[in-house]
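Fold and geometry: a report
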Amino acid sequence: MDRQVDLVIIGAGPAGMAAALYGSRAGLSTVMIDASAPGGKLLKTYQIENYPGVGTVSGPDLAMQMYQQSIAFGAEFLYGEVVEVTQDKKVRLADGTVLEAKAVIIGTGAREKEMGIPNEAEAIGHGESFCAVCDGAFFRNKDVVVIGGGNSALEEAQFLTRFASHVTIVIRRDVFRGSVKAQKEVEENEKISVIYHHIPKEVVLTDGKVSGIVLENVQTKEQQTLACQGIFPFIGQVPETSFVKDLGILNERGYVIANEQLETAVKEIYVAGDCKEKDLRQVVTATADGVIAATNAFHAITGM
Ligand code: NDP
């Protein structure tokens, strides 16, 4: 028989962990599922200095503290990959397990977008990476290119200068999208230079490893090849929501649509964190979402 649970939370990043804390502390039987270790993007973040109340903290340390607090009131962490959620809130995992929930919170976040250019598939894991914290040390004394000008690109470029001999940031406009503070730090870092008005066109491989990248000037269409041993694209995110694609709750870009109560169009299915359609994606907004979603799930389940 399928297992019955009050609240199933899919994703154990900041949004999911905050939801687990509030759900279990309110007395709901709560299961939080993730295909990876709990922590989500925190595990890939070197340092966080804008989560109120904790000063400057390493991403993995904050993840560990959040996780311990999230299970302290009885929430269970279940390791597994969710492949489907049905209208009647049956949550099916890849190993065949099915959980029947009274409410579901989707908190699966988003992953880094690929560039979609020739040779990229071969380059991933052979010089192309999406996580400076995880892979930066492989690029000691090497030349590295970061694509994109958002906060992820600026912060990861800054982090990569701990290892790389030089980091070149490539952006397609002449302005960054990231915060003024992150821009200032990049501008002041002697190991970082910026190429404006260019987009990536092709990864160059030598003996199966990244040896350069072809860039195109968006104005003149002129191309140049930049020699490098590492490429880190941070050009935005793709939400991890394919397991709810048939529920009619996604926008055209795959983000989950919800109201202020974080209710989706399917009753008792909620969303929290980066996979939600919204403007500001931060750890603090993810945890706030988790809390709101879990509280509304509690009201819906108990009628209180
Ligand atoms: P963003 O969407 O903020 O930035 C993406 C960057 O990639 C932009 O510079 C964009 O250029 C560029 N880009 C997009 N598509 C392409 C393409 N096809 N080719 C070349 N360049 C491209 O994504 P992030 O991942 O940086 O951030 C996601 C969210 O997370 C944001 O809300 C961000 O603020 C937040 N975040 C916050 C952090 C913090 O507060 N410390 C840390 C990291 C992320 P253009 O500007 O021209 O569109």
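The structure reproduced in this document is the subject of the present report. (Residues numbered from 1 in each chain as written. Predicted model: local features only at pLDDT ≥ 70, side-chain atom pairs only at ≥ 80, totals over all residues. Heavy atoms only, no water.)

1. Considering the side chain of glutamine 237
The cut-off we apply is this: Where helices and strands are cited, they refer to DSSP runs of H or I of at least four residues and of E of at least two residues respectively, numbered from the N terminus. Two N or O atoms form a polar contact when they lie within 3.5 Å of each other; inside protein one atom must be a possible hydrogen donor and the other a possible acceptor, and for residues adjacent in sequence the pair counts only when both atoms belong to side chains. Note on contacts: a residue pair is in contact if any heavy atoms of the two residues lie within 4.5 Å.
Mapped onto the secondary structure, glutamine 237 falls in strand E17 (residues 237-239). Polar side-chain contacts of glutamine 237 include one of 2.9 Å to the side chain of lysine 41. The contact partners of glutamine 237, leaving out residues within four places of it in the chain, are Lys41, Ala110, Arg111, Glu112, Lys113, Ser152 and Tyr255.

2. Remarks on the site of the ligand
The cut-off we apply is this: The nearness test applies per residue and asks whether one of its heavy atoms lies within 4 Å of the molecule or strand.
Inspection of the region around the ligand gives 16 residues, with Glu155, Arg172, Arg173, Arg177 and Gln237 positioned closest. Here an oxygen atom of the ligand and a backbone polar atom of glycine 149 are 2.8 Å apart. Between an oxygen atom of the ligand and a side-chain N or O atom of arginine 177, the distance comes to 2.7 Å. Looking at which element gives the most residues to the shell around the ligand, the answer is helix H5 (residues 151-160), with three residues.

3. Brief notes about the sheet that holds strand E15 (residues 223-227)
Put simply, the rule is: For two strands to pair, DSSP has to find at least two bridges joining them. Helix axes use the C-alpha atoms of the stretch in contact, all axes being lines fitted to C-alpha atoms, and the angles between their N-to-C directions lie in the range 0 to 180 degrees.
What the three strands build is an open sheet, ordered E13-E14-E15; its pairing is antiparallel. Here the strands that pair on one side only, and so sit at the sheet edges, are strand E13 (198-206) and E15. Direction aside, neighbouring strands of the sheet carry axes that sit 25 degrees apart on average. Judged from the eight bridges that link them, E13 and strand E14 (residues 209-217) form a sheet pairing that is antiparallel.

4. Quick look at a positive patch on the surface
Applied cut-off: Surface patches are defined over residues having more than 30% relative accessible area and no salt bridge, joining like charges when they lie within 9 Å and nonpolar side chains (Val, Leu, Ile, Met, Phe, Trp, Tyr) when within 5 Å. Computed with a 1.4 Å probe, the accessible areas rest on the Shrake-Rupley method; for each residue, only the protein chains presented here act as cover. Salt bridges, as used here, are contacts in which a Lys or Arg side-chain nitrogen is within 4 Å of a carboxyl oxygen on Asp or Glu. Neither His nor the chain ends contribute to the count of charged residues, in which Lys and Arg are positive and Asp and Glu negative. Think of each charge as sitting on NZ of Lys, CZ of Arg, CG of Asp or CD of Glu. In this scheme, a residue with accessible area under 20% of its type's maximum is buried, one over 50% is exposed, and one in between is partly exposed, where area comes from a 1.4 Å probe on protein chains only.
A contiguous patch of positive charge, built from Lys113, Arg172, Arg173, Arg177 and Arg253, is present on the exposed surface. Among the structural elements, arginine 253 can be located in the loop between E17 and strand E18 (269-271). Residue classification places arginine 253 among the exposed positions, given a relative accessible area of 56%.

5. With respect to the state of the cysteines
How we decide: Only a pair of cysteine sulfur atoms within 2.5 Å counts as a disulfide in this structure description.
Counted by the stated rule, this structure contains one disulfide. One disulfide bridge connects cysteine 131 with cysteine 134, the sulfur atoms lying 2.0 Å from each other. The sign of the S-S torsion, about 75 degrees, decides the handedness of the disulfide formed by cysteine 131 and cysteine 134: right-handed. With a relative accessible area of 6%, cysteine 131 lands in the buried category. Just so you know, cysteine 228 is unpaired, no disulfide at all, and the nearest cysteine sulfur is the one on cysteine 131, 18 Å from it. Its relative accessible area of 1% is what places cysteine 228 among the buried residues. Considering cysteine sulfurs only, cysteine 131 is the nearest to cysteine 275, which forms no disulfide, with 20 Å between them.

6. Focus on the packing of aromatic side chains
Selection rule: Note on aromatic contacts: the rings of Phe and Tyr and the six-membered ring of Trp form a pair at centre separations within 6.5 Å, being stacked when their planes are under 30 degrees apart, edge-to-face when over 60 apart, and tilted otherwise. Counting as a charge over the ring demands two things of the Lys NZ or Arg CZ atom: a distance within 6 Å of the ring centre and an angle within 35 degrees of the ring normal.
Counted by the stated rule, this structure contains six aromatic pairs. Ring geometry for tyrosine 46 versus phenylalanine 159: centroids 4.7 Å apart, planes at 45 degrees, classification tilted. Of this pair, tyrosine 46 sits in the loop between strand E2 (30-34) and strand E3 (47-48) while phenylalanine 159 sits in helix H5, placing them 113 residues apart in sequence. Overall, the relative accessible area of 34% leaves tyrosine 46 in the partly exposed class. With relative accessibility at 10%, the residue phenylalanine 159 sits in the buried group. When the centroid spacing of 5.8 Å and the interplanar angle of 85 degrees are considered together, the rings of tyrosine 67 and phenylalanine 77 count as edge-to-face. Linking tyrosine 67 in helix H2 (residues 59-71) with phenylalanine 77 in strand E5 (residues 76-79), this pair joins segments that are ten residues apart in sequence. An aromatic cluster of three or more residues is present, and its members are Tyr46, Phe159 and Phe163. Note that arginine 25 overlies the ring of phenylalanine 73, its terminal NZ or CZ placed 5.6 Å from the centroid.

7. Examining the pattern of salt bridges
In this structure the tally under the stated criterion is twelve salt bridges. The partner of lysine 41 in a salt bridge is aspartate 274, and the shortest N-O contact between them spans 3.9 Å. Of this pair, lysine 41 sits in the loop between E2 and E3 while aspartate 274 sits in the loop between E18 and helix H7 (283-302), and the two are 233 residues apart along the sequence. The salt bridge partner of glutamate 49 is lysine 181, with a shortest N-O separation of 2.5 Å. In this pair, glutamate 49 sits in the loop between E3 and strand E4 (57-58) while lysine 181 sits in helix H6 (residues 180-188), placing the two residues 132 residues apart along the sequence. Within this structure, Glu49, Lys181 and Glu185 form a network of salt bridges that share partners.

8. Comments concerning unusual backbone geometry
The residue histidine 197 is not glycine, and still its phi comes out positive at about 60 degrees. Here histidine 197 lies in the loop between strand E12 (192-195) and E13. The residue lysine 221 is not glycine, and still its phi comes out positive at about 70 degrees. Within the secondary structure, lysine 221 is located in the loop between E14 and E15.

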